Amino acid sequence: MKLVSKNVDKGQGTVVLIPEESEDMWHAYNLIAEGDSVRSTTIRKVQNETATGSSTSSRVRTTLTITVETIDFDTQGCVLRLKGRNIEENQYVKMGAYHTLDLELNRKFELRKPEWDSIALERIEMACDPTQSADVAAVVMQEGLAHVCLITPSMTLVRSKIEVNIPRMY
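Below is a summary of the structure that appears in this document.

Cut-offs applied
- Residues numbered from 1 in each chain as written.
- Predicted model: local features only at pLDDT ≥ 70, side-chain atom pairs only at ≥ 80, totals over all residues.
- Heavy atoms only, no water.
- Helix = DSSP H or I, 4+ residues; strand = E, 2+ residues; numbered from the N terminus.
- Rg over C-alpha atoms; globule rule 2.2 N^0.38 Å.
- Buried < 20%, exposed > 50% of the residue type's maximum accessible area, 1.4 Å probe, protein only.
- Contact = heavy atoms within 4.5 Å.
- Areas by Shrake-Rupley, 256 points an atom, 1.4 Å probe, with all protein chains shown as cover.
- Lys, Arg positive; Asp, Glu negative; His and termini not counted.
- Charge placed at Lys NZ, Arg CZ, Asp CG, Glu CD.
- Pairing = 2+ DSSP bridges.
- Salt bridge = Lys/Arg side-chain N within 4 Å of Asp/Glu carboxyl O.

Moving on to the overall build of the chain. If you tally the helices and strands in the chain, you get two helices and 10 strands. From first element to last, N terminus to C terminus, the chain shows the α and β order β-β-α-β-β-β-β-β-α-β-β-β. Taking 15 Å as the expected radius of gyration for a compact globule of 170 residues, we find that the chain reaches 23 Å, considerably beyond that expectation. Seen through its principal axes, the chain has C-alpha atoms that stretch 95 × 40 × 30 Å. For the chain, buried positions account for 33% of its 170 residues. Nonlocal contacts in the chain, meaning residues at least 24 apart in sequence, comprise 48% of its contacts between residues at least 6 apart. Only carbon and sulfur atoms are counted for the fraction: they give 47% of the accessible area of the chain, which is about 11,100 Å². Here the chain contributes 20 positively and 24 negatively charged side chains, and the mean placements of these two sets differ by 6 Å.

Okay, structure coming up:
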């Protein structure tokens, strides 16, 4: 998971996260609780009425902030569905209207909690630390040089570089 920003002061505040793999969605599922507010982009069907009285509907992408009432995690589609009421003014959605936000991989969302506890903050640290998801540790060596690497499903991280001068024999 990628931590875009973190603004938590005296137990309350917001974090902006981007889930990058399916395990990140599981962390998000365990972070978000009923009563939290989540802000994310979504697609909403909007009905427009013309001057003649006929109506047309279109789908628009908009950003909504909802207070979470129900949480559903679809493990097959790797989608987290959050249902709740809209709490911020929006040109397409009335205040208090129900909406379902689908949190998906690589889509940014903002989580606001009235009270951040140490367990939730620790979960964010763990989810955003790439060393927690490393599959393999490797040491790559050559004469006088060694690299200690962690290999994750998406990248290789060089954790340490060790250089030693080896005197040459003539």
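Here the narrative resumes, following the displayed structure.
Turning next to the pairing of strand 1 (residues 2-9). By the bridge criterion, seven bridges tie strand 1 to strand 2 (residues 12-18) in an arrangement that is antiparallel. Paired with lysine 2 across the two strands is isoleucine 18, which belongs to strand 2. Between strand 1 and strand 2, which follow one another and run antiparallel, lie two residues, and lysine 10 among them has a positive phi close to 55 degrees.

Two side chains of opposite charge can pair, provided their charged atoms sit close to one another. Evaluated as defined, the whole model comprises nine salt bridges. With its nearest N and O atoms 2.6 Å apart, the salt bridge here joins arginine 39 to glutamate 88. Taken together, the positions of arginine 39 in strand 3 (residues 37-49) and glutamate 88 in the loop between strand 5 (79-86) and strand 6 (98-103) put the pair 49 residues apart, joining distant regions of the chain. Of the charged contacts in the structure, one is a salt bridge between arginine 85 and glutamate 69, with a shortest N-O distance of 3.9 Å. Residue arginine 85 is found in strand 5, and its partner glutamate 69 is found in strand 4 (residues 55-74); the two are separated by 16 residues along the sequence. Take arginine 85: its relative accessible area is 38%, and that puts it in the partly exposed class. Owing to a relative accessible area of 30%, glutamate 69 belongs among the partly exposed residues under this scheme. Residues participating in the shared-partner salt-bridge network are Asp74, Arg81 and Asp102.

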